[in-house]
Amino acid sequence: MNIKHNTDIALKKSLIEKKLEESGEKARLEEYLRQKLIECGWKDELKEHCMELIRNKGLEKINLDDLVEELLPKGRALVPTSVKEDLLGRIKSYLESDPDYRRITGF
């Protein structure tokens, strides 16, 4: 049952991603998120953290992979809960208004 449940979740996730991509909603949500992150100072804070990592390790001793590995968890943690909730609400509202998605997923 657990395998079927995981398969169902993966299928629904795939459908959501496809629907958002095909409709152009994904691009609109990405732009909205980009603006919200700039407004809340996320971009500046992450940039400062990046510069700090480079200063501490030295430019010669750090590569892009190392930088991404250290910045990714920090970047995710710095996204304000309100921005995450707002984005999730927008995705949910979009999907709830889509008759094809409701029919396919049973939502």
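To be clear, the structure that these remarks concern was listed above.
Computed from a prediction, not measured in an experiment: that's the story for all the values here.

1. What to know about the pattern of salt bridges
Counting across every chain of the model gives 10 salt bridges. Where Asp-86 meets Arg-90, a salt bridge forms, and the shortest distance between an N and an O atom there is 3.6 Å. A residue pair is termed a helical-turn pair when its members lie 3 or 4 positions apart in one helix, as Asp-86 and Arg-90 do in helix 5 (residues 81–96) at 4 residues. What makes Arg-90 partly exposed here is its relative accessible area of 38%. Notably, a salt bridge pairs Lys-92 with Glu-96, separated by 4.0 Å at the nearest N-O pair. Pair noted here: Lys-92 and Glu-96 are both in helix 5, with a separation of 4 residues, about one helical turn.

2. Concerning the nonpolar core
Judged by nonpolar contacts, Leu-37, Trp-42, Leu-46, Cys-50, Leu-53, Ile-62, Leu-67, Leu-71, Leu-78, Val-79 and Val-83 together constitute the single largest core of 11 residues. Sorting elements by how many residues they give to this core places helix 3 (residues 42–57) first, with 4 residues. Contacts of Leu-78, omitting those with residues within four sequence positions, involve Trp-42, Glu-45 and Leu-46. With 6 residues, the next largest nonpolar core counts Leu-20, Leu-87, Tyr-94 and Leu-95 among its residues.

3. Some points on the side chain of Asp-98
Relative to the elements of secondary structure, Asp-98 occurs in the loop between helix 5 and helix 6 (99–105). For Asp-98, a relative accessible area of 11% puts it in the buried group.

Calculation notes
Residues numbered from 1 in each chain as written. Predicted model: local features only at pLDDT ≥ 70, side-chain atom pairs only at ≥ 80, totals over all residues. Heavy atoms only, no water. Salt bridge = Lys/Arg side-chain N within 4 Å of Asp/Glu carboxyl O. Helix = DSSP H or I, 4+ residues; strand = E, 2+ residues; numbered from the N terminus. Buried < 20%, exposed > 50% of the residue type's maximum accessible area, 1.4 Å probe, protein only. Core = buried A, V, L, I, M, F, W, Y, C linked by side-chain atoms within 4.5 Å. Contact = heavy atoms within 4.5 Å.

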